Amino acid sequence: MLKLLNYLLSTGIQTVIDPCPTPDNEWRGMPALTDAQCGSGCNACVEVCPTGAISVFDESGKADVALDLGACIQCGLCIDQCPTGTIVESKTFRVATNSREDLVLTTSAARAEKVAAVLGRITPLRKVVVADGELDTGKNLFTESLHARVVSTGCSSCDAEIGASGNPVFDLERFGVHIVASPRFADALFVTGPVGKAMQNPLVRCYGAMPEPRLVVAVGTCAISGGMHKGGYAEANGADSILPVNIFIPGCPPHPWSIVHGVRVAMGKMEPYKPQILPGKK
Amino acid sequence: MKLEKKIVEIGNLSQSIRSWMEGPSGRRLGLLTSIDGGQLATLMLDPQKSVVEYWESPLKADSYRSLTLMVPQAHWHERVLWDMFGITPEGHPRMKHVLLHDVYPPDFFPLRKIPFFDSKGFSKDRSFNFLEVRGEGVYEIPVGPIHAGVIEPGHFRFSCFGETILNLELKLGYVHRGVEKRLTELPWQKGRFLAEAAASDTAAANALAHAVALESIMGIEPTATAQHFRTLALEMERLAMHIIDLAGMGTDTGYLGFAQNMSRLRGKALGLAHNLSGSRFLRAFILPGGVRNVDTSVLAKIKKNARELKAELKPLIGFLHESQIARERMEIASISRSLANEFGMVGIVARACGIDYDCRQSFPHGTYPNFAPPVTVGLKGDIYSRAQVRTGEIFTSLDVIDAILENIADGPTMVSVPEQLPADTYGVGIVEAFRGELIHFVATDSDGKIVRYNINDPSHNNWTAVSIAIRDNLIADFPLCNKSLALSYSGNDL
């Protein structure tokens with residue numbers, strides 16, 4: 001016992017004090033778009049993307065790209081293949097959004113139209129503010145504490161990263177965030193995996209067992225759009241078509257810092273990712 | 001490796017399998033499936049000679065006599081045959097679905113491509129009736145699919161008498177996503193992403209088995225440099241997962257000081273993977289033809305970090321083994337060697353029972369003939385033996401990583417890969433994933449398209465171990481027992 005105590009004290013504080021730092025050079029980040037003009041008739045990115053997350057709109061000789069981060073599995077192939085530098089790597093862990101549309105990047109000036117074309121629908125922005133009746137102050141009730149129930153419906157790497165975000169290095173618990181054993185104790189439902197047919201009913205029942213106010217956080221690309229599994233007979237198209245999702249954390253799997261970022265966005269303490277076009281290399 | 005098809009009459013299949021397995025020790029049934037519903041496709045393995053045989057048994061009816069009573073290793077495979085192809089193994093002692101629940105129609109067989117032989121089609125529905133234990137004072141505890149912790153879903157139905165578990169039955173299939181069907185629809189170059197996503201704590205092993213299977217039928221060989229990087233990746237994955245599994249076992253004995261530090265060190269092991277590939281889970285790193293480009297300037301950093309990790313792990317893991325309380329909690333839930341053999345268990349679970357089967361020795365590919373570590377074997381088949389096997393493998397993996405880093409030659413990481421797969425071929429990739437023997441079996445049609453892709457995750461063979469190990473133990477010991485087996489739901493369900 002004393003030996004263990006000695007060991008624990010000697011390793012010192014392991015927590016990274018400033019959350020969500022800039023990633024190092026080796027980290028393979030999500031793609032981003034620049035204003036470098038995409039070559040008309042190219043389509044290299046569209047052909048190579050495993051999930052079909054990229055669309056090219058070639059209108060009268062000028063090509064525009066739309067890239068859905070909610071369907072991106074971070075394989076890096078589009079970044080490798082793009083000959084014009086329109087698709088580049090973005091080194092940030094802060095990729096969580098509070099709107100499905102904000103995950104769609106496009107170089108086109110007609111943003112709303114392209115986003116609708118990519119998503120096939122507009123989802124209502126479900127603000128992370130509290131609810132109805134006497135509690136309806138329009139304020140976020142979860143700023144100091146958030147209790148989460150995790151429901152896994154996929155391959156388990158997103159679950160592993162959620163588990164890691166609670167370890168001493170990332171220390172999600174310092175923000176008042178706990179993983180709870182029952183939906184009855186939960187403020188937020190973290191969904192991982194694409195939610196195939198056999199998990200749809202259990203998931204909805206779990207959500208139904210949560211008292212209001214309650215949030216839904218889609219952790220990982222599968223939970224947002226179904227990822228590689230989208231469109232199959234198992235109807236594994238993500239949580240977004242089944243539950244009202246408030247926060248979207250893309251990634252395959254998202255880094256623990258990205259999960260911390262998503263939770264802090266839910267708590268109103270960090271800014272969500274906003275779609276932008278970076279300046280391209282000349 | 002590329003396989004030659006050998007036709008075995010369906011009536012002789014049971015006896016042929018039995019004779020094969022009664023041969024020199026270690027021989028086993030690799031997997032039993034179908035290509036399109038018109039035949040049985042069996043892989044027989046001889047680990048001592050590194051031999052794999054592919055036997056095809058054409059069917060003339062929608063059913064055949066079940067092999068399970070003669071060959072218990074086949075029991076789970078036969079249930080999946082029914083689930084996915086609508087082929088009935090008549091006389092199967094526990095015929096229930098594994099993968100498709102009753103949310104799917106009873107006549108839905110996603111991998112079947114040919115019409116039914118009998119016009120009456122199919123009569124059994126997809127309801128799942130749990131085995132009942134009767135007696136005064138016996139009650140049932142249902143657990144799942146959603147579990148209290150952060151873990152994949154599955155249903156456990158316990159029949160208990162007081163605190164003691166009389167029987168445990170599993171109902172899996174909750175995370176069935178249709179991976180194998182999708183692998184026949186995607187262009188083959190994109191299949192690796194789906195193979196990785198099948199069970200992505202095994203992403204590197206799945207990508208490697210996929211690459212090895214396809215390379216064997218394409219007849220290409222990756223460069224020595226790529227082979228070294230692949231071995232590094234596989235061992236890093238093994239290291240990280242063994243660390244977190246030991247941490248989980250520590251948590252379930254209440255040993256949190258140990259467990260939280262192990263979780264931190266697992267982050268360092270993932271850091272090695274991050275340095276090598278840009279992804280903590282080695283995603284999109286291994287592909288047919290080689291590996292993604294590696295910036296060789298990181299190799300010195302990886303070597304230094306791996307050595308520091310080893311120095312930190314030694315004292316910390318020692319705490320688990322030195323704790324009398326933890327050890328007493330863990331010296332339960334044993335599986336006998338004979339049952340492990342009978343049910344075809346693989347990997348850590350089998351090695352903890354004294355079965356020395358490790359694909360790095362038995363089916364070496366890539367650099368393994370030179371770098372395969374000694375096989376770590378346990379003695380009693382209990383939870384503590386499984387902890388011992390993991391501990392041994394953590395340190396042998398670190399040794400392999402160090403040895404590889406001393407020996408990596410500079411060179412290209414990719415060879416050129418043909419556009420098309422060859423027609424009418426069968427290939428297999430066998431890899432020792434961190435849980436055990438992982439088999440990817442691929443068959444192409446006359447156009448060179450993939451007509452069947454079967455992923456046989458080690459968990460597919462091992463889930464029965466949960467029911468066997470926990471029998472006659474206390475319900476309170478179940479979480480620890482389950483963690484000691486640490487099986488994959490998604491790898492089984494696909």
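Residues numbered from 1 in each chain as written. Chains lettered and ligands numbered in written order. Predicted model: local features only at pLDDT ≥ 70, side-chain atom pairs only at ≥ 80, totals over all residues.

1. Some details on the pairing of strand E3 (residues 62-68) of chain A
Residue and element names in this part refer to chain A. Burial within E3 is extensive, with five of its seven residues counted as buried. Inspection of the sheet shows strand E2 (residues 54-59) paired to E3 by six bridges, in the antiparallel sense. The residue of E3 that forms the bridge with Val56 is Val65. Here E2 folds back onto E3, and the loop between the two strands holds two residues, one of which, Ser60, carries a positive phi near 45 degrees. Sheet topology note: the E3/strand E5 (residues 104-106) ladder contains three bridges and is antiparallel. Bridge pairing in E5 links Asp68 to Val104. (Buried ≥ 20, exposed ≤ 12 C-beta atoms within 10 Å, placed from the backbone. Helix = DSSP H or I, 4+ residues; strand = E, 2+ residues; numbered from the N terminus. Pairing = 2+ DSSP bridges.)

2. Observations concerning the sheet that holds strand E9 (residues 155-161) of chain B
Residue and element names in this part refer to chain B. Read from one edge of the open sheet, three strands run E8-E9-E10, paired in antiparallel fashion. The open sheet has two edge strands with one neighbour each: strand E8 (138-143) and strand E10 (164-171). The average angle at which neighbouring strand axes cross in this sheet is 20 degrees, direction not considered. Where E9 lies against E10, seven bridges are found, and the strand directions are antiparallel. Note that in E10 the partner of Phe156 across the bridge is Leu170. (Axes fitted to C-alpha atoms, helices over the stretch in contact; angles between N-to-C directions.)

3. Quick notes on the interface of chain B and chain A
Each side of the interface is counted separately: chain B has 45 residues, and chain A has 48 residues. Only helix H3 (179-183), helix H4 (191-198), helix H7 (256-277) and helix H8 (299-322) of chain B provide two or more residues apiece to the side of chain B that touches chain A. Among the elements that line the side of chain B that touches chain A, the one with the most residues is H7 of chain B, at eight residues. Considering only residue class, the side of chain B that touches chain A consists of 22 nonpolar, 15 polar and eight charged. (Contact = placed C-beta atoms within 7 Å. Nonpolar A, V, L, I, M, F, W, Y, C, P; charged D, E, K, R; others polar.)

4. Here we look at the packing of H8 of chain B against helix H14 (residues 383-407) of chain B
Residue and element names in this part refer to chain B. For the pair H8 and H14, the least separation of the axes is 10 Å and the interaxial angle reads 160 degrees. Relative to H14, the element H8 is oriented roughly antiparallel. Judged by the sense of rotation from one axis to the other, the crossing of H8 with H14 is left-handed. Taken together, the residues of H14 that come into contact with H8 (itself represented by Leu299, Ile302, Lys303, Ala306, Arg307, Lys310, Leu313, Ile317 and Leu320) are Ala387, Thr391, Ile394, Leu398, Ile401, Asp402 and Leu405. Within the contact of H8 with H14, the residues separate by chemical class into eleven nonpolar, one polar and four charged. (Parallel < 35°, antiparallel > 145°, perpendicular 65-115°, else oblique. Left-handed = near helix turned anticlockwise from the far one by under 90°.)

5. Some remarks on H7 of chain B
Residue and element names in this part refer to chain B. Over its 22 residues, H7 runs 31 Å from end to end, which matches the ideal 32 Å to within 8%, given 1.5 Å per residue. Counting buried positions along H7 yields 18 of 22 residues, so the element is predominantly enclosed. Backbone geometry just downstream of H7 places Gly278 in the positive-phi region, at approximately 85 degrees. (Expected span 1.5 Å × (residues − 1).)

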